[in-house]
Structure formats: C-alpha cells, structure tokens
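Chains, contacts and geometry: an overview
Each chain, letter by letter, is given below.
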Amino acid sequence: MDSPKTVFSCLSLLVALILCFSPTHSSNTIGKGYRLISIEESPDGGFIGYLQVKHKNKIYGSDITTLRLYVKHETDNRLRVHITDAKKQRWEVPYNLLPRDQPPPVGKAIGKSRKTPITVQEISGSELTFSYTTDPFSFAVKRRSNGQTLFNTSSSPNSGFGEMVFKDQYLEISTSLPKDASLYGLGENSQANGIKLVPNEPYTLYTEDVSAINLNTDLYGSHPVYMDLRNVGGKPYAHAVLLLNSNGMDVFYRGTSLTYKVIGGVFDFYFVAGPSPLDVVDQYTSLIGRPAPMPYWSLGFHQCRWGYRNLSVIEDVVDSYQKAKIPLDVIWNDDDHMDAKKDFTLSPISYPRAKLLNFLDKIHKMGMKYVVINDPGIGVNSSYGVYQRGMANDVFIKYEGKPFLAQVWPGAVHFPDFLNPKTVAWWGEEIRRFHELVPIDGLWIDMNEVSNFCTGLCTIPKGKKCPTGEGPGWICCLDCKNITKTRWDEPPYKINATGVQAPIGFKTIATSALHYNGVREYDAHSIYGFSETGSTHKGLLSIEGKRPFILSRSTFVGSGKYAAHWTGDNQGTWQSLQVSISTMLNFGIFGVPMVGADICGFYPQPTEELCNRWIEVGAFYPFSRDHANYYSPRQELYQWDTVANSARNALGMRYKILPYLYTLNYEAHMTGAPIARPLFFSFPEYTECYASSRQFLLGSSLMISPVLEQGKTEVEALFPPGSWYHMFDMTQAVVSKSGKRVTLPAPLNFVNVHLHQNTILPMQQGGLISKEARTTPFNLVITFPAGASEGYATGKLYLDEDELPEMKLGNGQSTYVDFYASVGNGTVKMWSQVKEGKFALSKGWVIEKVSVLGLRGGGQASEVEINGSPVANEGKKIEVSSKEHTYVVGLEEEGENKSVMVEVKGLEILVGKDFNMSWKMGISGAN
C-alpha cells in the first residue's frame, strides 16, 4: 500500500492486523482517548467544547490531535452530539442532500485548559440529558423522566470496549447497554434470526450489490440507526440512535455494549427520546424527511419479470390476469423494453413504439399503470444521445480527470454524478425526453449501490466485442487492473464488506474516484442511490406535476422521502420468505414504509406450495409485486390453479382494505408511522412480542399470521392481549386476556388475518383494479372487546385526488374522516367527524354496510336511528342481522358471556358528511 501519510512500524502493523480480525477485542490497545479542555455555550443555544488526544499512536493512522464537540438539544425530544476535527472541515453527508441544521463552522479559536477541571457536567433538555466526564472524555445520554441511561461511552475494565478513537480513516466509539435492551435496525441486511438484533452477529453498513440471499451481510442500503426498546418496571420505553455518517462501518453488538468502527467522516449522533415506538419514528422522520406520499394505484398489485422479451408477452400477462380474475394494477418491464439495454431507449423490434403506445392507451383507460427499470450506468456509445448529452454537460464521475469507466448491462458505461447540480438538470431532461417517447407512470432505479461488473481501472478492449451477447451478461469483459496505490482504495481498517472483508472498491466505483467539488467516492459511496433517488423524484415531478412513484434498490437515511424500496434479489425458498418479513419491518423503522419483497422469489423457481404461501404474505406487503429472474420459469400468479385461488383470496382482501392502506400511507407521510409494523409497535407493554418476526401488523390493529414453513396446514400465532376477529369470517374470534399463543387452522389457500378490538376499519367492495375498487360503497367494521358491556372504538379515513403532488388537507381535493363508536347500557352508537368533506361528496362515496363485532348477548338490533331519525324498514332496503361469534380460543374457556356480530346493510350514508347512527340491542349489554 502506497500511503506516505500513514507509516506503520512492523509491530504496529501486526497489532493492527490482530485488531482488524478480532471482532471482540477491547480498543484499549489503540489509545487512551481524549480529554476535554474547554466547553462553553454557543450563540445558537448549543454548547461547544474542545478535546485533546491523550496519547498518540499510529494504529490505523495518526490521531487527529484536537476535536471540536458540539452539543445541542435541537427539539424537546431530539439531542445532537457532533464531534469533528477542530481545525478543518471533514466529510459529512451533504446538507443540501439531507437538509438539517448545521453546526457552527470549525477552525475558530480553541479554548485553553481550565485551571480547575470540571469532572462531571450536565446539559439538560426537556426529555434528554447530556452529561460528560472530562478525562478521559466520555459522554452519556439519559432520559429525564426515569433517569435511565440510554447511551454511555465511558470505558471501564469490565465494559469490553476502550476509549474513543478519532483518526482520519478510523473512528471508534462505544456505548454500554443493559442486557434486557431489545435493539432493532442497523441495515440493510437479511437477518436470519428475525428483526431483533442478535449479539455477535456482523452488522456492516456499506452499500453493495450483494444478493439478499446472503444472510447477515451488508446489502443494498445503509441505515446506521437503531431503535432500543426497554421494559422498565413494567412500562415500555423506546428511543433511537442515529449515527449520521455515510462512510463504511462495522457495528459490533455484544449484548451489553455496542461499538462503531467507521472508516471516515465524523461522529454525528442524533438521539430521539420516544418514548413509544411510534413516537420514535415520528421524531426520526421529522429529522430525515417524512415518507413520500404514494399514488393510490401503487398500493395495488404489481407484476414484473426480467424476460418479458416483447410487447406481446406483457399483453398476454395482462389478459391472463383478467381472465383469472386476479387483481392487477401495474405491469412492469425490466430491461427488455430497451434498445441494447441502454437507459431511456425503446427497442424498435421488441417494443415498437406505435404498438406500445396503443397498449398503454388501452391499459391507462382501464386504470392500469406502466413502470420501467432504469440503471445509473450510461452506455459509452458515440451514437447514443443520452451519452452524448451527458458528455457535453460533463456529468460523469471522474478518475484522474476522465469519466470513470465501468461495465453494466449495456457494456462499457459511465456513472452520472448526482452530487453535481448539472447532472440533476441533465437527468431530469432525459426523464422528460423519455416520457415523451413512452408515457411511463413511474421509474424503477436499480443497480445504484453502485453495481459494477468489473473492479479497478478499466479500458475498452480492442479487437473484441464486449459484452459478447452470450451468457448471463454480468461477466466482466473490459481490460482492468486493480487500483491499490492510494489509502482511499486500501484503507488501513478493513470493514467486513460482503462478509469477507472484500476491498471496498470491489465491483463498484473505485473509491479514489472523484465526484463534484472533489468529493471522493470513498466518502460518498453509500449515498449514491440516495442522490439518484432525489434527482429522479425532481425529474418526474417536473413532467406533469403528478405524484411521483419511484422504486429504488439502494437506500440511505432519508430515502423514504422520495421512494419505495424492494428487498432485492431474493430466492424462491422458505427462508427468503421468512426473512422478507424482518427486512420489511426494519424499513418501516428506517422511514421507508413502502416496501416489499419479490413475491415467490426472484430465483430459482419456487414450488407451487411456496408460491401459495408467499402470495398470502405478499398480498399484505405495503409494496406488493411478483418479480422473477430471466432464467427462471414463469411464475405469474395464474400459472398454478392453487396459487391463483390463494391470490384471489389474499389480494381480494387487500383490494377491500385499500382505503385503510391509503390512510396508513397518509399517516406515514404525516408522522412517519410505518404501514407494516412489528407487533411491539401496538403492544410495547407485552414483552413476549419483542422478538416476533413471523407475524406483522398493518397499521395499529390488523394482524397477519402467515404459514412460513413447508407442509404446514396450521400456524402457531402469538395473540397480544385483547379480542381478535378473523377478517375472512368475522364470526370467528380469539380472546386473549393477557396474551397467548394459539394454533390456528391454515389450509393451503387460507391466510389468517385478524382485526383487534377498539378499531373501526374502513373497507370497500374490492375489484380487479384499484380504480374500480375505489368507486364501490364503503363498509365499516367496528370491533369491541368480545362480550364487554361497555366499549369504545375509533378509526380514520383519508381520501384525495391521489396523483396530486402533495398529500394534504386544505387544497379542496381531499377529505379526512374520524370515526367513533361506543357501546353501553344496551345501546350501540357510531358517528363521524368530517374535515373538508367537499371532495368525498363530489365522488358520491357512501357507507353501505356497518358490521359491529363483539357485542354482548344475543338477539336482534332494534330502534335503528340515523342522524336522529328512526329508520323504518318499509320503503328502504335496510337489513339488520346478527350472528353469534365462535371462539377458536377465548370466552368459553374463561366462563364469560357470549357475544354477537350485528350487521346493518342497505345504508346510504354519505362519507363526506358528519353522521350519527345508533340502535338498541335485543338483549341488553348492561349488567
């Protein structure tokens, strides 16, 4: 390694190698940390201190002698701790890319050592307290309400970690943790052990084109944030810790401590106080950006495949879905539509424009949509207009003054530099040009980690075709040589990239390549996909002013503000099905709630049984898409009769609850709340569900308990406390007073979906396309605790013109409804409060049916009133019926009263107007 600034002695090199390959070593051998030499309040209400290294060493490079500490309570529930070089600016995630407050500039006068050093000092905010020790410097963050320590960098002989280290290419800091803390996050990776982090598993963050079938390794995204959930004296408390840093890092979680080892940048910690999991994501997304509003159609079902070789194939796919009566909203193309796999082009042979436009006109009239793939690599081809304009605008990443050469699907490519404002403008113009060519409805941006089929410095070979046009197409055919001459290509500390400590420039852009303004790829690597996503969002938004839909493989902190995500190249295996749930739930915590996995697996072909079970899960992913590999047999949902049957059942339910999903989309956009949630989000007091990764919630109360193992026809489901009603047969209930595991029947075409008590769920009638499903009458499903004499339930509904760019009230194109219901003294009541009802009234939406579950006693409802007026059956087609609940487990065994479901049909209640409705129960609910 040629590194004039970092010279190791033989002994130091030996020590470094030992440390690098020992994940459990104590860092005491690296140094003795820093001491605080001064601290004072800054003009912006924060505090600035200076730290001086105690003992210099050369392990992993030279120490930065003086550091600047900046501490600020940015809000009542968010604390920032920022540590950097006191004398010069270091790389940070660009403030224009992820907008946030900037600390005061570095390089000002450095304070002198106090004559009387302060040993302990506290800086208190409303919810969090920052305290520090001067020598050696350490800091702790505590929760004011209960005094619990959330983060503590103080090292001791028994802590298992050492003092803080801060070098140019190696930063290390640790915190102690209580043994009973439950941690979630630190992705993206495929966690075989479920959503809860497991001590001594590797957690490496560096964006890589590594298939999601690789467990516990760094994958497509980098999210250096974790949520910490603790039960303190029977009361749950959650908080989150973000280290905002885009450099590669290893995070070692040992159960009682957590250590960051980062190869550059700064320590920029954000602590959010919670205390509930929903509070945590609200506070976190208020910092990083609220999740993007999604168009209504994007919540429908999507079909894709790499290998739809010509237009007639996708025409047949759409027709086959219709014939099979399986819902489908969006048809996708991988790169099959392209001319020689070049971005923003159309194959004149496989996808002739005139015929494609006729097809798109047909499906657009039906309400269907069309999305295509786009990779960042721009083919090097002098006759290719996109390349020509890119070169003319100087938009590509450089190596030694020339555009860096790589290879992806078209062959030799250059990569756009999305940190360059000129690139953002050029990219938007290329999107506009392509949209004029093909009226696409969204873009799928792939391979943006960045993926490169080659490694190192490459040239186009002379005298041979590259690629050859034969074989899989991902074999490097450029002439390449490794780049090892700089410390940016071979840093002193080797992160556990791809799980094997691969060079960080392996099959990506050389890390010594340069972006705009001299930014090194070494620093900016993991934000490439994020920067492309923002640029793509801006480009799509500028075309027609419609709400953009973007699906991105690579993500970073804040990507959810612009895009949805799918979990990448999985397998048609039971393990991939299981892991998909954990990854989906993690991305909800990361602020990317529109997420899903390739249903039935990307490759190889799944078994018929697996595809049955996968659509029963995937129908309830927030983003629901079937996608398969070029080399796999066809696996559309109609290919097997049994799978088609499962799809009609599961997707049929999805299309009925689309109003609920769309309201969750609105909630996510306003507060960051995930669409799909771990059980502990709604039941944080119930510690049994802290590690639950085989079930999930949609919103706060709809629980999916799928079969995830081969050959099973029943499923053991965990039911948190309360009454749960089966969505496919609402007379079936599970009553779980204090929480219990229940074995449920689950034949091949059947999925268990249960609705929790105290909920009002808005539903419609369903359909084969979301556009038609959206025009059908509404049902309200109201759930009370089974057999209770008193109860209260709430729900909400958001409606809007779904392709408007903004998702909000106040524009005349949206309506929000709060629903309420109560039971007591033998009377059932329900009512609504409508905000801005004009939009809903213009659409003529009505509530046609109300189903109330869990009512005590039996008999019929009587004295039905709507808006204070009695409803006589004469002249109106209103039907009132009741059915007794049956219990899979619950009331019978506990000796309680039985309960009934009452349904009132034939209503014509306007959604856009406040209403109230009531009736008396034939057998009193009173004691």
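We now turn to the structure provided with this report. Quick caveat: nothing in here was measured; it's all calculated off a predicted structure.

Quick word on the pattern of salt bridges
- Considering all chains together, one arrives at 38 salt bridges under this definition.
- The shortest N-O distance in the salt bridge between Arg553 and Asp446 comes to 3.2 Å. With Arg553 in the loop between strand S29 (550–552) and strand S30 (564–566) and Asp446 in the loop between strand S26 (442–445) and strand S27 (457–459), this pair connects stretches of sequence that are 107 residues apart. Side by side, Arg553 and Asp446 carry an identical accessibility label, which is buried.
- Via salt bridges that share partners, Asp209, Asp446, Glu449, Arg553 and Asp569 belong to a single interconnected network.

Considerations on helix H9 (residues 574–589)
- For H9, spanning 16 residues, the distance from its first C-alpha to its last is 24 Å, which sits close to the expected 22 Å at 1.5 Å a residue.
- Buried residues dominate H9, accounting for 14 of its 16 residues.
- Immediately downstream of H9, the backbone of Gly591 shows phi near 85 degrees, a positive value.

Quick word on the packing of aromatic side chains
- Inspection of every chain in the model, using the stated rule, returns 54 aromatic pairs.
- Relative to Phe271, the ring of Phe139 has its centre 6.4 Å away and its plane inclined at 80 degrees; by these criteria the two rings are edge-to-face. In this pair, Phe139 is assigned in strand S7 (residues 137–143) and Phe271 in strand S17 (residues 267–272), connecting sequence segments 132 residues apart. Residue Phe139 shares its accessibility class with Phe271, and that shared class is buried.
- Ring centres of Trp488 and Tyr522 lie 5.0 Å apart, and the angle between their planes is 70 degrees; this geometry places the pair in the edge-to-face category. One end of the pair, Trp488, is in the loop between strand S28 (479–481) and helix H7 (521–524); the other, Tyr522, is in helix H7, with 34 residues separating them in the sequence.

So, the nonpolar core
- Counting 189 residues, the largest nonpolar core has Phe620, Leu637, Ile657 and Leu698 as the members making the most contacts within it.
- With residues up to four places along the chain from it excluded, the contact list for Phe620 reads Ala650, Met653, Arg654, Ile657, Phe696, Leu698, Ile704, Val751 and Val753.
- Counting residues in hydrophobic clusters, the runner-up holds 45 residues, among them Leu69, Leu150, Leu171 and Phe269.

Focus on the state of the cysteines
- If you walk through the whole model with that rule in mind, you get 4 disulfides.
- There is a disulfide in this structure between Cys466 and Cys477, and the S-S distance comes to 1.9 Å. Across the S-S bond of Cys466 and Cys477 the torsion is about 80 degrees, and the bridge reads as right-handed. Of this pair, Cys466 sits in the loop between S27 and S28 while Cys477 sits in the loop between S27 and S28, and the two are 11 residues apart along the sequence.
- With its sulfur 2.0 Å from that of its partner, Cys600 forms a disulfide with Cys611.

What about the environment of Arg389?
- Here Arg389 shows up in helix H5 (residues 385–393).
- Of the residues examined, Arg389 reaches a relative accessible area of 26% and is grouped as partly exposed.
- Each residue touching Arg389, except ones within four places of it in the same chain, is listed here: Trp426, Glu430 and Arg433.

The rules behind these values
- Residues numbered from 1 in each chain as written.
- Predicted model: local features only at pLDDT ≥ 70, side-chain atom pairs only at ≥ 80, totals over all residues.
- Heavy atoms only, no water.
- Salt bridge = Lys/Arg side-chain N within 4 Å of Asp/Glu carboxyl O.
- Helix = DSSP H or I, 4+ residues; strand = E, 2+ residues; numbered from the N terminus.
- Buried < 20%, exposed > 50% of the residue type's maximum accessible area, 1.4 Å probe, protein only.
- Expected span 1.5 Å × (residues − 1).
- Phe/Tyr/Trp six-rings, centres within 6.5 Å; stacked < 30°, edge-to-face > 60°.
- Core = buried A, V, L, I, M, F, W, Y, C linked by side-chain atoms within 4.5 Å.
- Contact = heavy atoms within 4.5 Å.
- Disulfide = S-S within 2.5 Å.

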